[in-house]
Amino acid sequence: MARLNRTGYGRSAVLLLTGAYFLVPIACAIAFSIGIGAPRQALGFEAYTGIFGADGFTDSLTLTLKLATATIALVLGLLVPALVTVRLAAPRLRTLVEIVCMLPLVVPAVALVAGISAVLRWGPDHFAGTPLFQVMVALQAPQFPVVLVLAYTLMALPLAYRTLDTGFAAIDLRVLVEAARSCGAPWPHTLIHVVLPNLRGALLNTAFLTLALVLGEYTVAAVLGYQPFAVWIVATSGSQAQMSVAVSMVGLLVTWMLLLVISAAGRARRPKENS
């Protein structure tokens, strides 16, 4: 009994320390954003009420959401067919695909953006007067920098691969595909209407992780000279520190809400499948 009591106290202490580790910085940030502890400043929620009217907020958030949508589509468009092919037709290539997808983990974001910027400087000088010159210009368009989508896709590959690979491991892909094909379903129909619905949770988790990465990525965008949401927050902190903290807290809250929605959506299908 004494051992059980010590175990219970130990768990409570770990949970208390873990909760404090996460909640104390958040509480301090919220207190700063509403003026608690700031000298000669009245308490108020102006930092929160003025977010949507802040200069550059709408443009940076819109750009980030566009980049996130394109990145999610590209990541899923690359990995889902690749994993289906590896599991059904080329299992010997699974290790190679895994190594390629894990490589961004060992390449720091600073090194990645240094290589990208070097290519972007080298390309226009060597491709002037050719169609590739227009491609290089289009990749760097300020309205929608495709180069950021490509960089974010590389950075998201490790997380996306692990999430999707776990989803594929939870289903019998070969049986599903053979059953659909024996019923006369073409490959596109099999992939869209048979395989993807069984990967609903993995797809949602992959989309969430990719969205979180794009929302929080700063290094690549800042070095390349673009201003998506994360760069805008840092730029705003110089003149409106409280607002930048308020925006960060709102972004954290929205991220948690999205995580809860995705978790609920992933569980919503299970009772129907079991019934």
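Treat the numbers as computed from the prediction; the structure is a model and nothing was measured.

So, how was this worked out
Position labels on residues start from 1 in each chain and follow its written sequence. Selection of residues for local features in this predicted model requires a pLDDT of at least 70, selection of side-chain atom pairs for listing and counting requires 80 or more, and totals for whole chains, interfaces and linings are taken over all residues. Only hydrogens and water are removed before side-chain values are computed, so all heavy atoms of the structure are retained for them. Runs of H or I in DSSP of at least four residues are treated as helices and runs of E of at least two as strands, each being numbered from the N terminus. It is over C-alpha atoms that the radius of gyration is taken, and the globule rule equals 2.2 Å times the number of residues to the power 0.38. When accessible area is computed with a 1.4 Å probe and restricted to protein chains, residues below 20% of their type maximum are described as buried, those above 50% as exposed, and intermediate ones as partly exposed. Whether two residues are in contact is decided by their heavy atoms, any of which lying within 4.5 Å being enough. pLDDT is a per-residue confidence score from the predictor, ranging from 0 to 100. All axes are obtained by fitting lines to C-alpha atoms, using only the stretch in contact for helices, and the reported angles, taken between N-to-C directions, cover 0 to 180 degrees. Here is the rule for angles: anything less than 35 degrees is roughly parallel, anything more than 145 is roughly antiparallel, 65 through 115 is roughly perpendicular, and the remaining ranges are oblique. Note: crossing handedness is left-handed where the near helix turns anticlockwise from the far helix by less than a right angle, and right-handed where it turns clockwise. Amino acids are sorted into nonpolar (Ala, Val, Leu, Ile, Met, Phe, Trp, Tyr, Cys and Pro), charged (Asp, Glu, Lys and Arg) and polar (every other residue, Gly among them). A side-chain nitrogen of Lys or Arg and a carboxyl oxygen of Asp or Glu constitute a salt bridge if their distance falls within 4 Å. In this scheme, patches are assembled from residues that exceed 30% relative accessible area and form no salt bridge. Like charges are connected within 9 Å, while nonpolar side chains (Val, Leu, Ile, Met, Phe, Trp, Tyr) are connected within 5 Å. Per-residue and other accessible areas follow the Shrake-Rupley method at a 1.4 Å probe size, with only the shown protein chains counted as cover for residues. As used here, the term nonpolar core means buried Ala, Val, Leu, Ile, Met, Phe, Trp, Tyr and Cys residues forming a set that is joined through side-chain atoms within 4.5 Å. Counting of polar contacts relies on pairs of N or O atoms within 3.5 Å, with two restrictions inside protein: one atom must be capable of donating a hydrogen and the other of accepting it, and residues adjacent in sequence are counted only when both atoms are side-chain atoms. Any Phe, Tyr or Trp ring, taking Trp's six-membered ring, that has another such ring centre within 6.5 Å forms a pair; planes under 30 degrees apart are called stacked, those over 60 apart edge-to-face, and the others tilted.

**Q** So what about the overall build of the chain? Which residues, and what values?
**A** When helices and strands are counted, the chain shows 14 helices and zero strands. Relative to the 2.2 N^0.38 estimate, which gives 19 Å for 275 residues, the radius of gyration of the chain is 23 Å and therefore markedly larger than a compact globule would have. When each of the 275 residues of the chain is scored for burial, the buried share is 33%. In the chain, once contacts between residues fewer than 6 apart in sequence are set aside, the share between residues at least 24 apart is 74%.

**Q** Describe the confidence of the model for the chain, naming the residues involved and giving the relevant values.
**A** Should pLDDT be low for a region, the predicted coordinates there are not to be read in detail. Looking at the chain as a whole, the pLDDT averages 84, with 92% of positions reaching at least 70. Overall, residues 271-275 carries pLDDT values under 50, and its contacts beyond four positions in sequence, including any with other chains, amount to zero contacts.

**Q** An account of the packing of helix α7 (residues 146-169) against helix α10 (residues 200-216) is needed here, citing residue identities and associated values.
**A** Two quantities define a packed helix pair, namely the angle between the helix axes and the distance between the axes. Orientation of α7 relative to α10, taken along the N-to-C sense of each, is 155 degrees, at an axis distance of 9 Å. It follows from the interaxial angle that α7 and α10 lie roughly antiparallel. Handedness of the crossing formed by α7 with α10: right-handed. Taken together, the residues of α10 that come into contact with α7 (itself represented by Y152, M155, A156, L159, A160, T163, L164 and G167) are A202, L203, N205, T206, L209, T210, L213 and V214. Taken together, the residues of the contact of α7 with α10 sort by class into 11 nonpolar, five polar and no charged.

**Q** Please give an account of the pattern of salt bridges that cites residues and values.
**A** Using the criterion set out here, one finds three salt bridges in the structure. Across the pair E98 and R162 runs a salt bridge, and its minimum N-O distance is 2.6 Å. Of this pair, E98 sits in helix α4 (residues 94-102) while R162 sits in helix α7, placing them 64 residues apart in sequence.

**Q** Quick rundown of a nonpolar patch on the surface? Include the residues and the values.
**A** Together, I99, L103, L105, V106 and V107 line one region of the surface with nonpolar side chains, adding up to about 490 Å² of accessible area. By the secondary structure assignment, I99 is in helix α4. Owing to a relative accessible area of 49%, I99 belongs among the partly exposed residues under this scheme.

**Q** Which residues make up the nonpolar core, and what values go with them?
**A** Counting 45 residues, the largest nonpolar core has L79, L148, F168, L173 and L224 as its most contacted members. Counting residues per element, the ones that place at least two in this core are α3 (57-88), α4, α5 (109-126), α7, α8 (173-182), α10 and α11 (219-224).

**Q** Break down the packing of α3 against helix α9 (residues 187-198) for me, with residues and values.
**A** Here α3 crosses α9 at 95 degrees, and the two axes come no closer than 13 Å. Between α3 and α9, the angle is such that the two are roughly perpendicular. Taking contact as the criterion, the partners of V80, V84 and L88 in α3 are, on α9, W187, L191, V195 and L196. Split into classes, the residues belonging to the contact of α3 with α9 amount to seven nonpolar, no polar and no charged.

**Q** Report on the side chain of T64, specifying residues and quantitative values.
**A** Relative to the helices and strands, T64 resides in helix α3. With a relative accessible area of 1%, T64 lands in the buried category. Only 2.9 Å separates the side chain of T64 from the backbone oxygen of S60, close enough to count as a polar contact.

**Q** Tell me about the packing of aromatic side chains, and please be specific about residues and values.
**A** Per the stated rule, a full pass over the model turns up six aromatic pairs. Judged by centre distance (5.5 Å) and plane angle (85 degrees), the rings of F52 and F57 are edge-to-face. Ring centres of F57 and F229 lie 6.0 Å apart, and the angle between their planes is 70 degrees; this geometry places the pair in the edge-to-face category. Taken together, the residues F57 in helix α3 and F229 in helix α12 (residues 229-237) connect sequence positions 172 residues apart.

**Q** A description of the side chain of S60 should follow, citing residues and the corresponding values.
**A** With respect to the element layout, S60 can be found in helix α3. Ignoring sequence-local partners within four residues, the contact set of S60 consists of Q227, P228, F229 and W232.

**Q** Kindly report on the environment of I262, identifying the contributing residues and their values.
**A** Among the structural elements, I262 can be located in helix α13 (residues 241-268). Given the relative accessible area of 14%, I262 is considered buried. If sequence neighbours within four positions are ignored, I262 has contacts with L204, N205 and F208.

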